[in-house]
Amino acid sequence: MDLNLKKHYEDLLFLPLGGANEIGMNLNLYHLNGKWLMVDCGMGFAYDIPGVDMMTADISFIKAHRKDLLAIVLTHIHEDHLGAVQYLWRELEVPVYATQFAANFLRTKLDEFKLAPQVPIRIIDSSKELNIGPFTLDFIGLTHSVPEMQALMLKTTKGNILHTGDWKFDPDPVVGEVSQKDKIRAYGDKNEVLAVICDSTNALSEGHSRSEGELYDSLKALIAGRTGLVGVTTFASNLARIHTIAKIARDVGRKVVLAGFSLHRLHEVGKKSGYFNDNFEFISDREMKFYDKKEILVIATGCQGEPNAAARKIATDNHPTIRFTKGDLMIFSSKIIPGNEKKIFELFDEMAKKQIDVMTEKDHFVHVSGHPSQDELRELYALSRPQIAIPVHGEFIHTKTHCELAKECGIPRVIQIENGSVIKFNKDDIHATSLIGKVKSGYLGVDGKQLLDLNGEVIRERKKLQFGGIVTVSFAVNSSLAILSKIRITCVGSYDLKNDRQAEDMIKKEIQIFVKNKTRELNLDSGFGLRFLKKKKKSKKLNEDKVLGEVEKALRSKLLKIFEDLMGKRPALEININLVN
Ligand SMILES: [Zn+2]
Ligand SMILES: [Zn+2]
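Residues numbered from 1 in each chain as written. Chains lettered and ligands numbered in written order. Predicted model: local features only at pLDDT ≥ 70, side-chain atom pairs only at ≥ 80, totals over all residues. Heavy atoms only, no water.

**Student:** Run through the nonpolar core, naming residues and quoting values.
**Tutor:** Note that soluble globular proteins tend to have their nonpolar side chains buried in a common cluster. Counting residues in each nonpolar core, the largest one holds 75 residues, and the members touching the most others are Leu-29, Trp-36, Met-38, Phe-61, Ile-62, Ile-72 and Ile-331. Per-element accounting of this core gives the leading share, seven residues, to helix α7 (residues 239-252). Leave out the neighbours within four places in its chain, and Ile-62 touches Leu-17, Leu-29, Trp-36, Met-38, Leu-69 and Leu-92. Among the nonpolar cores identified, the runner-up in size contains 30 residues, and Ala-71, Ile-124, Leu-152 and Ile-197 belong to it. (Core = buried A, V, L, I, M, F, W, Y, C linked by side-chain atoms within 4.5 Å. Buried < 20%, exposed > 50% of the residue type's maximum accessible area, 1.4 Å probe, protein only. Helix = DSSP H or I, 4+ residues; strand = E, 2+ residues; numbered from the N terminus. Contact = heavy atoms within 4.5 Å.)

Right, here's the structure in full:
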């Protein structure tokens, strides 16, 4: 179902390239009068791909239409909403709109990629409407685990769309604003909302999300009275939680030590943007030695068991300055994200071995979500009264459940969407709002400094290496294909040839016999060699490279069979036959 854009020049379209099939990697496009607007440009976690931990959405579609892309608007600082800007911006080169806090945060990330001077960042004044081409943006502040989360009311001649971003209704968010329900209600009361594109992360959770304020009491009760070192690990981007913990530390007489690069970055950007100013006492890890254990609270990165993060270093005594011992406490103030269980439980185990007390969301009230549960979704629909609901920010099960909930709420048109789906809105006939095409969507893996197609050659080869290692065979021949050098066989991660001389000799002998037979077969032992072939059969464009290529190909299947017999599976194989004149 290809998209004929010319036919839809004047249409209001919605096209998610990421985030509609997963929690992560949000990248949404809106279209009107031939122009596009991108909302968010985020990253996602990659699993089971060697060397690749993060990925972005494949943006080839919008890259091809970049002259019509007006801007990127960021809803908030989370990696799944702005984490791909530093990788993808060069392909698009458009202005980026963000609140002051998100802009400060983004700049530190762009700095690392030496991109900060190039990217035009425009600061959002959320008290005013903003015109970008055919779109007028009205910003609606919603509570989330970070401050300054901006939902967008995209006002257009073809109808208004509420793009929620990540949100919850929390009367006591600890940091940041309480959700601006009145602003949403004002649109709803006038029936001015055509569609809501909404967060589905917790669509499976009944009831109402718990408040960050309630968590303050619970965490404080767990920490107060402890006499040893207390650590709390959480997402380094969860500014609200870090604020909550710093407040508890202040109130129980402990100083805060931050452990982990991304926490220091958030703290710095937060301070610069006006947060963390409530008489909190942060000290460096090097200053810890001047204080008693009961005077310190460590906030550490690595709540998902990440191998290089601070929590892991602390658990394995690899942190340069922070030592936890028997009777100290580590609280995992975070969700155990599906897919990360193995790494997280390994970390629990490391801590248990050291007799460190561990508390997690499984056994104590130590975490609240920044996303809406079912009652909050119901409330949002009641306030906004949209004609159309399109759930995003979830896996299939989340968006499906969210669709059912929206239907129960009486939304006339509910659409479950996938990455790459193009929805055309029709405000005069709601039921004509539907899928009009699919464009290319997919994932790009962040591999060091390069972005790799996850279905491409490099990843395929890398998976193969991971599966069976590699064997390299090299030797030199003359133009009569006589072997002139030693045959070198190197096995990396494949077969232990060093300790199997017999196999090594056998393989070398097989290669010699094979090459000799080939020489005879090609009649190369007549004295004229490969060059003779070249001259004689010029018309067939037969040349040395081609003959050597064919020899290599035949040798490859022979050697793969030999290694399959030895290993029970096929390694990757590299053959270098060097022609010496
Ligand atoms: Zn978020
Ligand atoms: Zn998100």
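Read on for the rest.
**Student:** An account of helix α8 (residues 261-272) is requested, with residue identities and associated values reported.
**Tutor:** Given a rise of 1.5 Å per residue, 12 residues ought to cover 16 Å, and the 17 Å separating the end C-alpha atoms of α8 matches this to within 8%. Considering only its buried residues, α8 is in contact with α4 (100-112), α7, β15 (255-259), β16 (282-283) and β17 (296-300). Two residues or fewer past α8, Gly-274 is found with a positive phi of approximately 100°. (Expected span 1.5 Å × (residues − 1).)

**Student:** If you had to explain the coordination of the zinc ion (ligand 2) to someone new, which residues and values would you point to?
**Tutor:** Reference values for angles at a metal are 109.5 degrees in the four-donor tetrahedral case and 90 or 180 degrees in the six-donor octahedral case. Donor atoms from the polypeptide that coordinate the zinc ion (ligand 2) comprise Asp-80 (OD), His-81 (NE2), Asp-166 (OD) and His-393 (NE2), at 2.0 to 2.2 Å from the metal. The coordination sphere of the zinc ion (ligand 2) comprises four donor atoms, whose angles at the metal cover 87 to 157°; the geometry is irregular. Between the two metals, the zinc ion (ligand 2) and the zinc ion (ligand 1), the spacing is 3.6 Å, and Asp-166 donates to both. Summarising the burial analysis for this pair, Asp-80 and His-81 share the class buried. (Donors = N, O, S within 2.8 Å, 3.2 Å for Na, K, Ca; no water. Tetrahedral: all angles 85-135°; square planar, octahedral: opposite > 155°, others 65-115°.)

**Student:** Account for the sheet that holds strand β23 (residues 434-438), naming residues and giving values.
**Tutor:** Read from one edge to the other, the open sheet built from eight strands follows the order β8-β7-β6-β3-β2-β1-β22-β23, with strand pairing classed as mixed. Each of the sheet's edge strands pairs with one partner strand only, and the pair in question is β8 (121-123) and β23. This sheet shows a mean twist of 25° between the axes of neighbouring strands, independent of strand direction. Sheet contacts for helix α3 (residues 85-92): β2 (27-32), β3 (35-39), β6 (69-73) and β7 (96-98); angle to β6, the most-contacted strand, approximately 170°. (Pairing = 2+ DSSP bridges. Axes fitted to C-alpha atoms, helices over the stretch in contact; angles between N-to-C directions.)

**Student:** Before we move on, can you summarise the coordination of the zinc ion (ligand 1) with the specific residues and values?
**Tutor:** For the zinc ion (ligand 1), the full set of protein donor atoms is His-76 (NE2), His-78 (ND1), His-144 (NE2) and Asp-166 (OD), at a range of 2.1 to 2.3 Å. Mapped onto the sequence, the donors of the zinc ion (ligand 1) take the spacing H-x1-H-x65-H-x21-D. Residue classification places His-76 among the buried positions, given a relative accessible area of 1%. Assessed through its relative accessible area of 4%, His-144 is described here as buried.

**Student:** I'd like a rundown of α7, residues and numbers included.
**Tutor:** The terminal C-alpha atoms of α7, which comprises 14 residues, lie 20 Å apart, in line with the 20 Å expected from a rise of 1.5 Å per residue. In terms of residue burial, α7 counts as a mostly covered element, since 10 of its 14 residues are buried. All of the buried residues in α7 are Leu-239, Ala-240, Arg-241, Ile-242, His-243, Thr-244, Ile-245, Ala-246, Ile-248 and Ala-249. Directly beyond the C-terminal end of α7, a positive phi value near 80° is found at Gly-253.

**Student:** Explain the pairing of strand β14 (residues 230-233) to me, and be specific about the residues and the numbers.
**Tutor:** Residues Val-230 and Val-232 line one face of β14 and the alternating positions Gly-231 and Thr-233 line the opposite face, and both faces are buried. Bridge analysis of β14 against β17 gives four bridges, and the strand direction is parallel. Bridge pairing in β17 links Gly-231 to Val-298. The sheet contact formed by β14 and strand β18 (residues 329-332) spans four bridges and is parallel. Bridged to Thr-233 within β18 is Phe-332.

**Student:** Give me the lowdown on the packing of helix α11 (residues 374-384) against helix α12 (residues 396-408), citing residues and values where you can.
**Tutor:** α12 packs onto α11 with a crossing angle of 45° between their chain directions and a minimal axis gap of 10 Å. In terms of orientation, α11 lies oblique with respect to α12. For the crossing formed where α11 meets α12, the hand is right-handed. For the pair α11 and α12, the contacting residues are Gln-374, Leu-377, Arg-378 and Tyr-381 in the first and Thr-401, His-402, Leu-405, Ala-406 and Glu-408 in the second. Among the residues making up the contact of α11 with α12, the classes are represented as four nonpolar, three polar and two charged. (Parallel < 35°, antiparallel > 145°, perpendicular 65-115°, else oblique. Left-handed = near helix turned anticlockwise from the far one by under 90°. Nonpolar A, V, L, I, M, F, W, Y, C, P; charged D, E, K, R; others polar.)

**Student:** Got a sec to walk through the pairing of β17? Specific residues and values, please.
**Tutor:** Taken across its five residues, β17 has five buried, putting it largely inside the fold. Sheet topology note: the β15/β17 ladder contains five bridges and is parallel. Bridge pairing links Ala-259 to Ala-300 in β17.

That's the geometry; what it means functionally is another story.
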